[in-house]
Amino acid sequence: MRAKEFWNAFSEKVMKLGSSTRNELVDLWDNSKDFTDKMTEIISGIIKEFDSTLTVQPEYLRIDIPARKKNNGNGKEKSFCKAEPNFEKYDWNLEIAVEHENNYRLWMDEVIKLAHINCPLRVVIGYVHVEKNGNNVSREKTQKKQLEILTHVEDVLKNNIVAWNNINPNYPNDFLIILGDGSVKKADRCYYTPYLYDADDECFKEGKVYWSQRSN
C-alpha cells in the first residue's frame, strides 16, 4: 500500500461531507478517547479492505495501527526446528505503521517513533491549532502554519542521525503525515491535508500536488 492509496481511502472515509462516518467523528471530536478509538477502527478497516492477507493488530509493537504480512504459509508452522519440535515459527514483515495523535502539541513524538521503524508505509495523523481572528480561519492560514511546523519537523529529523537514516532507506517506502484542522468549529472538523516526504528534495511536500506532478 502506497501513501497515495492510503490517502485516497482515508479522505473518502473521513472527509466526505454528509457521510455517516464523518458525522460520527465530528460528534466524537470533544471526546479524545472515543474519537481515537473510532479513528483506529476506520484505519484498520481501510488496511483490511486494501489487503485481506495483512494482520492488523492495534498497539502491537506499541504502534497504534500496525499491519504485518506473514511469510511462508500461515506463519505459525510447527516442527521446523529440530531442537524443539513445538517451537512455533513466527515469520512476518511489517508492511504499514500508522500513528494517530489528536493532541496538536504531541504528534512530533509519533514522527520520531516511526522514523525509527522501517516499513514500506509509515503514516502519522496529527492536528494543527490555528488561533482565530473573529469566527473564521482560512484554509490558507491553516496550511501555512502546517508547512511552518513541517519545516521544524524536517530540522529535527535531520539532526537525529538514526531517524534520518531510517527516513532515507535504500528501498522504496512512503512517509506520510496527514494534518487535520485543530479548530473546534464543526465545519472545519475532519478536514485533512496530506504531506508526503520527498527523499530527492529531503522535505515534505503537499501530497496532492506531489502526486499530480508525478503522474504527468
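As the structure is a computational prediction, the values presented were derived from the model and not from experiment. (Residues numbered from 1 in each chain as written. Predicted model: local features only at pLDDT ≥ 70, side-chain atom pairs only at ≥ 80, totals over all residues. Heavy atoms only, no water.)

Help me understand unusual backbone geometry in this model?
Phi is positive for R62, close to 60°, though the residue is something other than glycine. Mapped onto the elements of the fold, R62 is located in the loop between β1 (54–56) and β2 (65–70). Residue R62 is classed as exposed on the basis of its relative accessible area, which comes to 60%. One non-glycine residue, E202, adopts positive backbone phi at about 55°. (Helix = DSSP H or I, 4+ residues; strand = E, 2+ residues; numbered from the N terminus. Buried < 20%, exposed > 50% of the residue type's maximum accessible area, 1.4 Å probe, protein only.)

Can you walk me through the environment of M39 in this structure?
Structurally, M39 can be placed in helix α3 (residues 32–50). Judged by relative accessible area, M39 falls into the buried class, the value being 0%. Separated by 25 residues in the primary sequence, M39 and V14 place their C-alpha atoms 8.8 Å from one another. The residues touching M39, leaving out its near neighbours within four places in the chain, are F10, V14, L25, H100, Y127 and Y192. (Contact = heavy atoms within 4.5 Å.)

Sorry if this is basic, but what is going on with the sheet that holds strand β7 (residues 203–206) here?
Strand order in the open sheet formed by 7 strands is β1-β2-β3-β4-β5-β6-β7, and the pairing between neighbours is mixed. Two strands lie at the open edges of the sheet, namely β1 and β7, each paired on one side alone. In this sheet, neighbouring strand axes are inclined to one another by 20° on average, regardless of whether the strands run parallel or antiparallel. Of the pairings in the sheet, the one linking β2 to strand β3 (residues 92–100) comprises 6 bridges and is antiparallel in character. Paired with R68 across the strands is L94, a residue of β3. Docked against the sheet, helix α1 (residues 3–14) engages β3, β4 (121–128), β5 (174–181) and β6 (192–198), running at close to 25° with respect to β5. Running over the sheet, α3 touches β1, β2, β3, β4 and β6 and is turned about 145° from β3. (Pairing = 2+ DSSP bridges. Axes fitted to C-alpha atoms, helices over the stretch in contact; angles between N-to-C directions.)

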